[in-house]
Amino acid sequence: MNLTFFFQNVVNALQWGSFYALIALGYSMVYSILMLFNFAHGDIFMVGTYIGFVLTTGLVALSAAGIVVLPNWLILVLTIVLAMLFTSCLGMLVERIGYRPLRGAPRASAAITGLMIGIILQTTVLSIMGAQRVLYPSLIPTTAYTVGGVSVTNIKIMIVFVSIALMIALHQFVQHSKWGMAMRAMAYDYAVVPLMGISINAIAALTFAIGSALAAVAGIMYGMAYPILDPSMGILFGWKSFVAAILGGRGSIMGACIAGFLIGFIEIFVATIFPSTLRDLIAYSIILFILVFRPHGLFGEPYSARLRL
Amino acid sequence: MKKSLVGLMSLTVVFLLAMVLSGCGEKEQADAPKKAVENVIKIGFPIPLTGDIPDVGESSKNAAEMILKQVNEAGGLEVGGVKYKLQFIYDDNESKAESAVAATTKLITVDEVLAIIGPQASKQAVPAGGVADNYKTPMISPWSTNPNATLNRPYVFRGCFLDPFQGPVAANFVTDEFGATKAAVLYDIASDYPKGLAEYFKKAFEELHGPGSVVAFETFTTKDVDFSAQLTNIIRANPDVLFVPQYYNEVPLIVKQAGALGWDKPIMGSDSWGSGDLMGLCGDDCKGHFFSTHYAAAGATGATKDFIEGYQAVYGKTPDDVAALTWDSVNIMLQAIKDTGGLTGNLANDREAVKNALGAVTNFDGITGEMTFTPDGDPIKCAVVVKIDDEGQFSFYESVCP
């Protein structure tokens with residue numbers, strides 16, 4: 001394996017891992033606050049992508065018709081901001097109607113809620129958008145640069161940088177804001193902290209909103225990198241990101257990011273070295289093996305679900 | 001109290017939404033029971049209306065509906081002096097093998113159709129063919145090119161040529177056209193059609209250029225969207241041409257990602273490229289590439305031209321090869337039903353008579369070429385290589401006959 005070839009795969013893996021990392025964050029944050037996994041998160045990512053698609057298509061059409069002429073970069077910014085907003089609302093809605101009424105219910109009921117909401121979201125998108133694949137409009141023309149034999153596109157660079165920027169922003173928020181402090185306190189003990197006057201409902205809604213907003217950004221960037229969308233795209237992606245959240249250590253933000261990138265790297269390099277058919281077989285065997293030796297994940301600690309960074 | 005009220009209200013909203021969304025389905029059901037008294041021939045279509053390749057299901061249904069309208073407006077199909085109204089039943093196979101088996105079984109046993117047209121992709125046609133053969137019901141898969149769909153199944157026929165034929169067509173074409181001596185293949189190993197075709201291409205290409213001339217033979221699994229690892233391997237092996245026997249929903253991702261990684265050589269495809277909305281999804285990136293297929297819409301003449309114009313008038317788009325092959329398959333089936341000389345009303349006997357008549361069809365003049373069935377139920381017909389030109393049209397490039 002020569003060096004150019006190696007770095008080309010590193011670049012590929014960074015892009016692929018960014019998506020896992022961003023989506024794994026949503027799983028991890030909800031877990032640290034409510035001690036349950038939101039299995040609908042993969043489908044929230046899917047809905048976020050479709051919201052981005054509808055917004056971009058709409059704004060491009062408005063521009064083309066000359067009603068509101070916007071430059072492409074502004075359309076992208078507007079799409080991201082509005083999609084984050086709408087998807088956050090969806091996340092809060094899911095929390096409000098799916099999880100809050102079941103907070104005292106048996107664990108299994110809360111767990112299948114996510115699965116059911118996921119199916120509802122998928123079939124809703126299917127009935128509105130149809131089963132046809134749709135093409136995510138390209139706002140920024142893909143330009144490929146070759147640096148020392150390694151091909152990099154502007155889209156790839158943007159994805160990796162935006163992902164890392166979001167992770168840092170989340171870190172700052174959780175560590176240095178009042179809301180972040182409340183979230184950390186809630187993660188420490190969600191039975192006692194509400195006695196101090198912090199509303200668990202508000203914190204839970206906030207957590208869902210942040211996770212969903214990250215999923216929306218991931219969805220828009222996904223649309224730019226892999227522009228063919230279909231309503232079932234969130235399932236496998238959700239599962240694999242869920243694996244990343246567990247592998248990172250349940251409730252650990254940094255763990256989720258690192259594990260997301262790690263899974264991206266493992267998948268890409270396994271596909272490079274072995275016949276690519278064996279990719280998931282080998283990749284997930286490796287992850288299983290890691291979990292056997294680190295049952296609490298890379299950054300997890302036994303009997304604790306503290307929100308750490 | 002308040003909680004249950006909220007619950008009830010949200011349920012009501014969901015049902016109202018569902019009713020609004022399904023509003024378009026109601027009309028079809030309303031006039032279904034009227035036909036019970038007339039002489040009716042029922043034909044079942046287990047086709048992919050949802051799932052991975054919904055455009056394929058839509059094209060099949062569009063072509064079938066055109067024939068249905070034509071025949072029924074002319075008073076029906078005359079078989080042995082009796083006029084029969086046609087009734088086509090479409091059942092969704094969700095583009096899954098297991099659903100194709102279920103849909104085909106239901107059409108044969110519950111709806112009691114005389115014959116089956118479909119499924120389209122080999123992944124569904126291979127298992128569904130087994131069902132049709134078990135129940136002794138004649139079936140034509142218009143689009144399945146995998147040999148196993150009809151192999152040792154006297155009741156199963158197809159409307160297109162086979163992968164073992166299409167593989168060498170592609171191998172010969174890239175050798176002559178691009179002077180290729182090294183080729184790479186990227187295909188989905190979890191799907192019958194791409195896997196079969198990739199292997200036939202490899203065999204044919206290595207017969208021409210010696211073992212090892214296929215320098216990269218890379219695979220992925222259905223629903224994958226990132227092909228960067230495989231494409232990086234392929235580019236490193238430095239082949240002259242890349243062969244991608246994939247469906248229209250995967251081709252744009254592969255072609256775009258290959259371009260982003262620096263691939264600037266030709267890409268050769270197979271007939272699965274021609275279906276669905278390839279150019280709508282792929283745009284400029286697919287222009288200049290080639291694929292082998294069943295017919296080319298650009299530059300058609302005669303009956304083919306009439307079909308294309310009729311289709312455009314109703315649906316506002318150019319029919320893809322699935323539509324053309326479905327059209328031919330339905331017409332061959334109707335021809336065979338006529339050739340039986342009369343239906344007895346006993347379903348088992350009639351199905352056998354139709355099967356025998358299908359086997360006897362010779363030189364059927366279809367819009368995708370002349371067809372005669374071999375004893376295996378496979379037609380002998382020509383393939384076409386098309387180029388995706390600068391306007392995004394699939395233009396005729398070369399015809400290759402067996």
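Residues numbered from 1 in each chain as written. Chains lettered and ligands numbered in written order. Predicted model: local features only at pLDDT ≥ 70, side-chain atom pairs only at ≥ 80, totals over all residues. Heavy atoms only, no water.

(A) Focus on the environment of Ala383 of chain B. Residues and elements named next belong to chain B. With respect to the helices and strands, Ala383 occurs in strand β14 (residues 383-388). Assessed through its relative accessible area of 0%, Ala383 is described here as buried. With 88 residues separating them in the primary sequence, Ala383 and Tyr295 have C-alpha atoms 7.4 Å apart. Setting aside chain neighbours within four positions, we find Ala383 in contact with Phe161, Phe165, Val169, Thr293, Glu398, Ser399 and Val400. (Helix = DSSP H or I, 4+ residues; strand = E, 2+ residues; numbered from the N terminus. Buried < 20%, exposed > 50% of the residue type's maximum accessible area, 1.4 Å probe, protein only. Contact = heavy atoms within 4.5 Å.)

(B) The arrangement of the interface of chain A and chain B in detail. Taken together, the contact pairs 31 residues of chain A with 33 residues of chain B. In this assembly, chain A packs against chain B so that about 2,600 Å² is buried in total across both faces, 56% of it on carbon and sulfur atoms. Looking only at chain A, the three residues that lose the most surface to chain B are Phe5, Arg133 and Ile228 of chain A, adding up to 22% of its buried area. Residue Arg133 of chain A is joined to Asp52 of chain B by a salt bridge in which the shortest nitrogen-to-oxygen separation is 3.2 Å. In this structure, the connection of chain A to chain B is made through ten residue pairs in polar contact (both at pLDDT 80 or more). Sorting the residues of the side of chain A that touches chain B by element identifies α1 (3-34), β1 (134-135), β3 (150-153) and α9 (253-273) of chain A as the ones contributing at least two each. It is α1 of chain A that provides the largest number of residues to the side of chain A that touches chain B, a total of six residues. Looking at the side of chain A that touches chain B residue by residue, the classes come out as 14 nonpolar, 13 polar and four charged. (Buried area = accessible area lost by both parts, 1.4 Å probe. Salt bridge = Lys/Arg side-chain N within 4 Å of Asp/Glu carboxyl O. Polar contact = N/O pair within 3.5 Å; in protein donor to acceptor, adjacent residues only side chain to side chain. Nonpolar A, V, L, I, M, F, W, Y, C, P; charged D, E, K, R; others polar.)

(C) Structural view of the sheet that holds strand β2 (residues 77-79) of chain B. All names here are of chain B. Pairing is mixed in the open sheet, where six strands are placed in the order β2-β3-β1-β4-β5-β6. With partners counted over all chains shown, the strands left at the sheet margins are β2 and β6 (156-158), one partner each. The average undirected angle you get between the axes of adjacent strands in this sheet is 30 degrees. With respect to the sheet, helix α3 (residues 54-73) is in contact with β1 (40-47), β2 and β3 (82-92), its orientation differing from that of β3 by roughly 165 degrees. Contacts from helix α5 (residues 122-134) reach β5 (139-141) and β6, with the element oriented near 170 degrees to β5. (Pairing = 2+ DSSP bridges. Axes fitted to C-alpha atoms, helices over the stretch in contact; angles between N-to-C directions.)

(D) Here's a closer look at the packing of α1 of chain A against helix α8 (residues 228-237) of chain B. At a closest axis distance of 10 Å, the pairing of α1 of chain A and α8 of chain B adopts a crossing angle of 160 degrees. By the angle between their directions, the pair α1 of chain A and α8 of chain B is classed as roughly antiparallel. Handedness of the crossing formed by α1 of chain A with α8 of chain B: right-handed. Each of Phe5, Gln8, Asn9 and Asn12 of chain A in α1 of chain A lies in contact with α8 of chain B, whose residues at this interface are Ser228, Ala229, Thr232, Asn233 and Arg236 of chain B. Residue composition of the contact of α1 of chain A with α8 of chain B, by class: two nonpolar, six polar and one charged. (Parallel < 35°, antiparallel > 145°, perpendicular 65-115°, else oblique. Left-handed = near helix turned anticlockwise from the far one by under 90°.)

(E) How the structure looks around the domain arrangement of chain B. All names here are of chain B. Entries for chain B in the domain assignment read domain 1 (37-161 + 301-381) and domain 2 (163-293). A C-alpha centroid distance of 30 Å is found between domain 1 and domain 2. Across the domain 1 to domain 2 interface the summed buried area is about 1,600 Å²; carbon plus sulfur atoms make up 53%. Inspection of the region where domain 1 meets domain 2 yields one salt bridge. Here domain 1 is connected to domain 2 by eight residue pairs in polar contact (both at pLDDT 80 or more). Elements supplying a minimum of two residues to the side of domain 1 that touches domain 2: α3, α5 and α12 (321-339). (Domains from an automatic or database assignment.)

(F) Geometry of the state of the cysteines. All names here are of chain B. All chains considered together, the criterion is met by one disulfide over all chains. Linked covalently through their sulfurs, Cys282 and Cys286 form a disulfide whose S-S length is 2.1 Å. Given an S-S torsion of about 80 degrees, the disulfide between Cys282 and Cys286 has right-handed geometry. Here Cys282 matches Cys286 in class, with each residue buried. (Disulfide = S-S within 2.5 Å.)

(G) Just the sheet that holds strand β10 (residues 267-269) of chain B, in detail. All names here are of chain B. Taken together, seven strands build an open sheet; the order of strands is β8-β7-β9-β10-β11-β14-β15 and the sheet is mixed. Every other strand in the sheet has two partners, leaving β8 (214-220) and β15 (394-400) as the edge strands with one partner each. Sheet twist, expressed as the average angle between the axes of neighbouring strands with direction ignored, equals 20 degrees. Inspection of the sheet shows β10 paired to strand β11 (residues 290-293) by two bridges, in the parallel sense. The residue of β11 that forms the bridge with Gly269 is Phe291.

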